[in-house]
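Next come the chains, spelled out residue by residue.
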There are 4 protein chains.
Amino acid sequence: MLHSFGSDNHSGVAPQILDAIIKANSDFAVAYGEDEITKSATLLFKKQLGDNAEAFFVFNGTGANIVALKAMTNSYNAILCPDSAHINSDECAAPEKMTGCKLLPIKTTDGKVTVEDVKKEFKGIGNQHHAQAKVLSISQPTELGTLYTPKEIKELAELMHQNNCYLHIDGSRISNASASLNMPVKSFTADLGVDALSFGGTKNGLLIGEAVVFFKKELAENFLYIRKQAAQLFSKNRFIAAQFEAYLSGGLNLKLAGHSNSMAKYLESELKSISQVRISRPVETNVVFAYLPKDLCAKLQERHCFYIWDEDTIEVRWMCSFNTRKEDIDKFVSDIKLLV
Amino acid sequence: MLHSFGSDNHSGVAPQILDAIIKANSDFAVAYGEDEITKSATLLFKKQLGDNAEAFFVFNGTGANIVALKAMTNSYNAILCPDSAHINSDECAAPEKMTGCKLLPIKTTDGKVTVEDVKKEFKGIGNQHHAQAKVLSISQPTELGTLYTPKEIKELAELMHQNNCYLHIDGSRISNASASLNMPVKSFTADLGVDALSFGGTKNGLLIGEAVVFFKKELAENFLYIRKQAAQLFSKNRFIAAQFEAYLSGGLNLKLAGHSNSMAKYLESELKSISQVRISRPVETNVVFAYLPKDLCAKLQERHCFYIWDEDTIEVRWMCSFNTRKEDIDKFVSDIKLLV
Amino acid sequence: MLHSFGSDNHSGVAPQILDAIIKANSDFAVAYGEDEITKSATLLFKKQLGDNAEAFFVFNGTGANIVALKAMTNSYNAILCPDSAHINSDECAAPEKMTGCKLLPIKTTDGKVTVEDVKKEFKGIGNQHHAQAKVLSISQPTELGTLYTPKEIKELAELMHQNNCYLHIDGSRISNASASLNMPVKSFTADLGVDALSFGGTKNGLLIGEAVVFFKKELAENFLYIRKQAAQLFSKNRFIAAQFEAYLSGGLNLKLAGHSNSMAKYLESELKSISQVRISRPVETNVVFAYLPKDLCAKLQERHCFYIWDEDTIEVRWMCSFNTRKEDIDKFVSDIKLLV
Amino acid sequence: MLHSFGSDNHSGVAPQILDAIIKANSDFAVAYGEDEITKSATLLFKKQLGDNAEAFFVFNGTGANIVALKAMTNSYNAILCPDSAHINSDECAAPEKMTGCKLLPIKTTDGKVTVEDVKKEFKGIGNQHHAQAKVLSISQPTELGTLYTPKEIKELAELMHQNNCYLHIDGSRISNASASLNMPVKSFTADLGVDALSFGGTKNGLLIGEAVVFFKKELAENFLYIRKQAAQLFSKNRFIAAQFEAYLSGGLNLKLAGHSNSMAKYLESELKSISQVRISRPVETNVVFAYLPKDLCAKLQERHCFYIWDEDTIEVRWMCSFNTRKEDIDKFVSDIKLLV
């Protein structure tokens with residue numbers, strides 16, 4: 001298959017990650033996360049995200065989100081999120097099944113919720129008939145590739161804490177946020193009061209693996225059981241841990257994410273001259289959204305893999321990956337030019 | 001870490017499997033199991049297990065078991081199993097959480113349930129106060145390394161079907177059973193009426209991955225949603241599929257399993273001359289159980305990794321792996337001889 | 001406590017219902033719904049709602065809704081409903097907990113969803129990442145006291161069936177709908193293709209009790225287990241059944257509901273002359289909604305029990321009950337007049 | 001129907017209870033437990049069970065048990081109980097569905113677990129693969145009519161607390177225990193360290209209703225939401241509260257239970273002269289168990305309602321109720337004498 005703009009999980013494994021796996025395979029190791037590599041990768045998280053950061057490895061993004069949410073809720077709680085959130089739109093009711101909670105999606109246009117939006121959802125607190133708001137889950141970057149500013153995150157965290165609630169970040173592309181903001185992950189999560197973070201890897205060059213990171217001790221306390229019961233505990237855990245160790249070392253995660261971000265920027269700039277393609281959202285990370293004429297869209301999909309985000313408006317999504325090359329963009333843009 | 005007798009998941013990745021992963025990494029691929037490698041690996045399952053076999057890849061053994069059981073039950077059902085079953089003893093109530101069902105563990109001495117055992121549990125059928133038996137889940141080989149004969153499996157399948165129930169096999173080590181019985185997996189599962197199989201890989205040389213295989217169309221029908229909701233759907237699924245493709249090709253799975261079985265047999269034979277070590281169970285697959293003097297056990301654990309199966313009787317478990325070498329056994333046995 | 005406009009469940013037990021309870025108490029009876037009164041009350045449902053109607057008694061409205069929904073869904077399904085639905089707004093995530101499903105609330109202004117509204121929610125069908133729509137649950141009358149026309153119900157039922165889905169009616173006040181439409185319940189439920197009905201009693205003069213009625217055999221098949229597992233099976237079931245037998249005999253349910261409907265109409269007409277009170281919704285059953293000046297609202301709440309429906313607009317809700325008397329309305333209206 | 005020995009829930013409503021219902025019906029009342037009768041009945045529980053006692057009304061025994069257990073557990077916990085426990089044998093996996101927990105049934109002969117029994121189940125504590133023991137749920141009296149001594153309860157409570165666990169009592173017949181022990185309920189629950197109690201009513205003359213009583217503040221804290229989400233919150237709650245107020249006033253509950261206990265004793269004494277009937281268990285509350293010849297059992301069941309407890313041994317169960325009369329026993333015994 002040619003380069004795919006379909007998703008950053010269409011890409012493969014970064015060579016440094018593959019090397020780490022191969023290296024981790026030299027030996028026997030205790031299972032279920034009690035091995036040395038897991039220990040050292042866990043410490044690396046502490047080093048980068050702060051001493052309070054308790055990291056736990058899991059298999060995939062949906063898994064990371066649902067076990068994190070389970071640790072923060074009782075079944076009578078409500079989980080607030082933007083309506084575009086992955087947990088709301090793309091996880092086949094996994095959060096509801098795992099937690100028993102109600103999801104309260106908040107209408108947004110850019111994937112970002114505001115303090116005012118969230119405040120409106122704090123109704124029925126103390127009323128036994130209503131699911132009790134307990135977590136706000138936001139994505140950084142959002143599903144639309146946009147970014148919360150540190151100030152916005154801080155305000156949301158404060159709002160949640162004032163209401164005895166938690167702030168969770170779905171960071172399946174957190175390294176893209178970090179690269180784009182040019183700030184270490186810690187400075188826009190732990191430092192701002194974020195309580196839990198799904199720290200993604202698979203979409204940025206890992207073969208497999210995500211981490212759940214808690215910044216509050218109480219959330220980590222019984223998490224081993226939650227993870228196990230959710231079937232998110234890996235026996236040969238060293239093979240996920242080794243990937244994360246390589247990923248977080250020497251800034252590899254930022255290098256890979258920075259590259260895919262820059263490819264999206266490059267794609268954006270190359271498209272600007274094509275009047276039939278209208279960029280529909282600010283390009284802040286590794287994705288470009290655009291409106292296409294229906295006809296052009298259909299023809300382009302014959303040649304390239306990408307998805308239509310909104311069938312009504314023919315808004316399409318083009319994702320760049322750690323291994324997207326300048327030539328891939330050039331070929332794509334030239335194909336568009338041929339077609340218009 | 002030296003060779004570990006702790007578990008076959010302490011071992012690493014077989015080189016042929018690692019090669020398959022590396023090869024699968026050459027390109028972009030559609031995510032979530034719609035790629036070409038997944039298709040061809042799925043077909044390979046059909047080829048080996050029969051046209052009715054519908055295989056779905058998942059992350060781990062607990063995951064395989066709970067999504068398989070979920071597909072076979074409604075929440076008011078009961079799931080029968082031997083009391084030593086992994087689903088009963090080692091999955092932190094994951095089956096209960098996923099399915100809502102009651103587990104009805106059946107007392108056994110050798111890990112195997114009989115038709116008579118199971119019949120006794122068919123009580124309260126049609127009585128609204130009782131969870132309604134729907135699945136019998138057995139392990140082949142059992143947690144104790146023992147094997148059901150094909151005749152026993154056939155009779156259990158018939159019993160279940162007569163009662164409008166299903167037979168599930170937890171086959172986390174199914175290839176070890178196949179190698180030991182010297183029969184293809186199909187001939188002691190699909191051909192005998194087994195309805196669903198958790199087909200293991202991780203314990204026999206895969207980096208990661210298991211498959212759920214259904215032999216009844218009705219069970220596969222809506223399984224995609226069950227797997228997704230259970231957070232067992234892998235985005236970069238080709239990397240599990242590629243492993244299974246290599247694993248099932250040219251009899252690799254049997255070669256690896258046959259080796260670990262033979263290492264267990266070799267260990268058994270070498271131990272026979274040591275009177276302080278009493279083999280406690282028939283060695284039929286890749287595990288040796290033995291009673292040890294308490295003192296010897298403690299000293300041996302200082303030098304080698306293995307687990308005590310029963311603290312009361314000091315029965316220990318020694319597992320062999322695909323990469324256990326004759327020298328590892330020799331070293332282990334000579335250490336025992338030194339200590340006695 | 002004086003007359004309450006707070007809710008129709010602030011009222012007590014109708015004398016005919018209490019008599020039925022007293023009469024049912026003359027003797028011993030088999031428990032758990034196998035008694036004679038339960039049998040005859042169940043038959044009465046068949047007589048009134050059609051031979052396909054299978055009725056099961058439960059404790060309360062939330063109970064009725066969640067066991068009905070559980071019978072119609074698997075955990076990966078989505079349940080569509082108007083955003084004002086009781087299951088969405090007032091049941092503390094009980095439907096999510098019981099079913100594991102996602103609720104998809106549809107924005108409405110009058111509590112009623114249209115075929116067009118519902119069609120828009122049929123997205124992601126067949127897509128493993130999305131909860132699969134399976135049930136539309138509407139309320140008749142709605143939470144806002146409005147009524148679906150038979151034609152509207154028929155079209156919604158057809159739409160659902162075309163999409164291999166079910167239509168459920170939350171009929172906690174179904175007798176008020178029947179009295180207002182001047183049609184037997186059957187003619188706007190079973191006859192139009194409705195698949196399941198929560199048939200209310202408690203809000204219209206019963207001491208306790210609701211019924212779940214299925215019009216499709218497949219839904220009733222294993223319902224006994226669902227009800228029991230949900231803790232909605234009553235041991236002394238005759239005492240709910242006897243109430244329903246009295247309730248459905250000689251048109252008592254319609255008599256009681258008709259009275260409360262007419263009291264709402266009377267209240268509406270008496271209020272028309274008071275300019276400070278603006279009726280906000282059509283009065284079609286036993287409830288009157290109105291906008292009040294904030295000040296007037298506060299003062300009136302000191303004297304009478306009622307609830308504010310919308311704090312932002314000071315829209316209040318006044319419910320009439322089977323035992324609301326003309327004098328109660330007159331007193332209430334005269335108090336308003338005094339206060340304005 | 002004649003007198004039934006089938007169960008104490010075959011009996012009806014005690015006249016004093018019915019009177020209380022009728023009296024509670026004189027008026028309007030706020031719903032969902034915020035009415036005056038609920039307040040005063042709740043206070044009565046405090047008065048009788050201690051200031052720490054927080055009582056909440058629910059519909060039925062299964063409901064009481066599952067919401068109490070839900071308040072004491074997280075889904076990864078295990079709930080220990082005797083194998084004969086109602087929660088294990090007669091609630092169609094409702095506890096598993098509600099809590100997600102594993103039930104760990106303990107083999108008993110007399111329905112009572114000992115400190116030694118329970119200690120054996122404390123395995124795998126701190127091991128992520130094992131459901132973590134959190135609650136011991138015992139029945140007082142047991143399903144076999146036997147009673148724990150205060151000393152036994154105290155020791156079990158201490159054991160549980162030492163292990164950071166709770167002790168729950170399923171007291172569906174707690175008043176029978178109280179009458180038999182000749183001790184107030186408080187003295188063998190709250191005073192001994194019991195953490196939660198399902199306080200039964202329906203089986204001893206109530207029309208409907210049970211109470212969940214917590215003796216630890218932390219358990220009551222968010223219980224309103226748990227009860228609501230479990231569909232165990234009654235709108236017209238005054239009608240359950242009024243029954244309990246009458247039930248706990250003037251020792252009515254003990255009077256009713258004492259009577260049914262004495263009827264069981266009378267039945268036992270009358271049976272002693274009949275050699276074909278062998279009393280099989282100590283008669284400590286309101287039930288008599290006996291072995292019958294198969295033939296006699298069949299013939300007797302033609303004339304009287306009762307259930308076979310154990311089909312293999314033809315052990316039968318005869319329950320007495322608050323309204324069992326001496327004549328009912330005499331008639332029953334004389335029928336037996338005729339048949340032998």
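Draft legend 1. View of the interface of chain A and chain D. In this complex, chain A contributes 21 residues to the contact, which on the side of chain D involves 21 residues. Three residues, Tyr 76, Gln 128 and Tyr 225 of chain A, lead the burial of chain A against chain D; their summed loss comes to 44% of the area buried on that side. Our count for the contact surface shared by chain A and chain D stands at 0 salt bridges. Linking chain A with chain D are 18 residue pairs in polar contact (both at pLDDT 80 or more), by the criterion used here. Per-element accounting of the side of chain A that touches chain D gives the leading share, 6 residues, to helix α10 (residues 223–229) of chain A. Among the residues making up the side of chain A that touches chain D, the classes are represented as 6 nonpolar, 11 polar and 4 charged.

Draft legend 2. Molecular detail of the interface of chain A and chain B. Chain A puts 52 residues into the contact, and the matching count from chain B is 52 residues. Here chain A meets chain B over a buried area of about 4400 Å², counting both sides, of which 60% is carbon and sulfur. For the pair chain A and chain B, the interface holds 0 salt bridges. Our count for the contact surface shared by chain A and chain B stands at 30 residue pairs in polar contact (both at pLDDT 80 or more). Those elements that place two or more of their residues in the side of chain A that touches chain B are α1 (15–24), α3 (61–72), α5 (94–99), α10 and α11 (238–248) of chain A.

Draft legend 3. Focus on the relation of the copies chain A and chain B. In the superposition of chain A on chain B (RMSD 0.0 Å, axial shift 0.0 Å), the rotation amounts to 180°. The superposition of one copy onto the other is thereby described by a two-fold rotation axis. Using C-alpha coordinates, one finds that chain A approaches the rotation axis most closely at Phe 59 of chain A, a distance of 3.6 Å. A high fraction, 100%, of the interface residues of chain A reappear at the interface in chain B, so the copies pair face to face through one surface.

Draft legend 4. Structural context of unusual backbone geometry. Here the amide bond leading from Gln 140 of chain B into Pro 141 of chain B is cis, since omega sits at -5°, within 30 degrees of zero. When you line up the elements, Pro 141 of chain B lands in the loop between β4 (132–139) and α7 (150–162). For Cys 92 of chain A, which is not glycine, the phi dihedral falls at a positive 50°. Inspection of the secondary structure puts Cys 92 of chain A in the loop between α4 (86–89) and α5.

Draft legend 5. Geometry of the sheet that holds strand β11 (residues 315–319) of chain B. Residue and element names in this part refer to chain B. Read from one edge to the other, the open sheet built from 4 strands follows the order β8-β9-β11-β10, with strand pairing classed as antiparallel. Each edge of the open sheet is held by one strand with a lone partner, namely β8 (278–279) and β10 (307–310). Relative to strand β9 (residues 287–291), helix α12 (residues 252–271) is tilted by about 25°, and along the sheet it contacts β8, β9 and β11.

Draft legend 6. Highlighting the domain arrangement of chain A. Residue and element names in this part refer to chain A. The domains assigned to chain A are domain 1 (22–250) and domain 2 (252–339). The C-alpha centroid of domain 2 is placed 28 Å from the C-alpha centroid of domain 1. Across the contact, 23 residues belong to domain 1 and 19 residues belong to domain 2. Together, the buried faces of domain 1 and domain 2 total about 1600 Å²; carbon and sulfur atoms form 53% of this surface. Where domain 1 meets domain 2, there are 0 salt bridges. Our count for the domain 1 to domain 2 interface comes out at 12 residue pairs in polar contact (both at pLDDT 80 or more). When contributions to the side of domain 1 that touches domain 2 are tallied by element, the ones reaching two or more residues are α8 (174–181) and α11. The element best represented in the side of domain 1 that touches domain 2 is α8, accounting for 6 residues. Residue classes in the side of domain 1 that touches domain 2 are distributed as 9 nonpolar, 11 polar and 3 charged.

Draft legend 7. Molecular detail of the packing of α8 of chain A against helix α12 (residues 252–271) of chain A. Residue and element names in this part refer to chain A. Here α8 crosses α12 at 75°, and the two axes come no closer than 8 Å. As far as their axial angle goes, α12 and α8 are roughly perpendicular. Of α12, the residues touching α8 (which contributes Ser 175, Asn 176, Ser 178, Ala 179 and Ser 180) are Asn 253, Leu 254, Ala 257, Gly 258, Ser 260 and Asn 261. Considering only residue class, the contact of α8 with α12 consists of 3 nonpolar, 8 polar and no charged.

Draft legend 8. Quick look at the sheet that holds strand β6 (residues 196–199) of chain D. Residue and element names in this part refer to chain D. Strand order in this open sheet of 7 strands is β1-β7-β6-β5-β4-β2-β3, and the pairing throughout is mixed. Because the sheet does not close on itself, it has two edges, and the strands there are β1 (54–58) and β3 (102–106). If you compare each strand with its neighbour and ignore which way they point, the axes differ by 20° on average. Note: β6 against strand β7 (residues 210–214), 4 bridges, orientation antiparallel. What sits directly across from Ala 196, in β7, is Phe 214. Where helix α7 (residues 150–162) meets the sheet, it contacts β4 (132–139) and β5 (166–171), and its direction lies at approximately 140° from that of β5.

Draft legend 9. Looking closely at α8 of chain A. Residue and element names in this part refer to chain A. Restricting attention to buried positions, one finds in α8 the residues Ile 174, Ser 175, Asn 176, Ala 177 and Ser 178. On its buried face, α8 is in contact with β5 (166–171), β6 (196–199), α11 and α12. With its phi angle positive at about 55°, Asn 182 sits one or two positions after the end of α8.

Draft legend 10. Looking closely at the confidence of the model for chain A. Per-residue confidence for chain A averages 97 on the pLDDT scale, and 100% of its residues sit at or above 70. Across the interfaces of the predicted complex, the ipTM metric reaches 0.97, alongside a pTM of 0.97.

Scoring rules and cut-offs
Counting of residues starts from 1 at the beginning of each chain's written sequence and follows it residue by residue. Here chains are named by letter from A upward and ligands by number from 1 upward, in the order in which they appear as written. Local features in a predicted model are, by the rule used here, given only for residues with pLDDT of at least 70; side-chain atom pairs are given and counted only at 80 or more, and totals for whole chains, interfaces and linings are based on all residues. Each side-chain value is derived from all of the structure's non-hydrogen atoms; neither hydrogens nor water enter the calculation. Residue contacts follow a heavy-atom distance rule, with two residues in contact if any of their heavy atoms lie within 4.5 Å. Buried surface area refers to the total accessible area, computed with a probe of radius 1.4 Å, that the two partners give up upon joining, counted for both partners together. Note on definitions: salt bridges are taken to be side-chain nitrogens of Lys or Arg within 4 Å of carboxyl oxygens of Asp or Glu. Distance and chemistry together define a polar contact, namely a pair of N or O atoms within 3.5 Å, with one atom able to donate a hydrogen and the other to accept it when in protein, and with adjacent residues in sequence counting only for side-chain atoms on both sides. Secondary structure is summarised from DSSP: a helix means a run of H or I of at least four residues, a strand means a run of E of at least two, and numbering begins at the N terminus for each. In this classification, Asp, Glu, Lys and Arg are treated as charged, Ala, Val, Leu, Ile, Met, Phe, Trp, Tyr, Cys and Pro as nonpolar, and every other residue, Gly included, as polar. When the copies are superposed, the least-squares fit takes in the C-alpha atoms of residues with a pLDDT of at least 70 in both. Two strands qualify as a pair provided DSSP detects at least 2 bridges between them. Note on definitions: angles span 0 to 180 degrees between N-to-C directions of axes, and those axes are lines fitted to C-alpha atoms, for helices only across the stretch in contact. Domain segmentation is taken from an automatic or database assignment of domains. Each angle is binned into one of four classes, with values under 35 degrees roughly parallel, values over 145 roughly antiparallel, values of 65 to 115 roughly perpendicular, and all other values oblique. Note on classification: 1.4 Å probe, protein chains only; a residue is buried when its accessible area is under 20% of the maximum for its type, exposed when over 50%, partly exposed between these limits. On a range of 0 to 100, pLDDT expresses the predictor's confidence in each residue.

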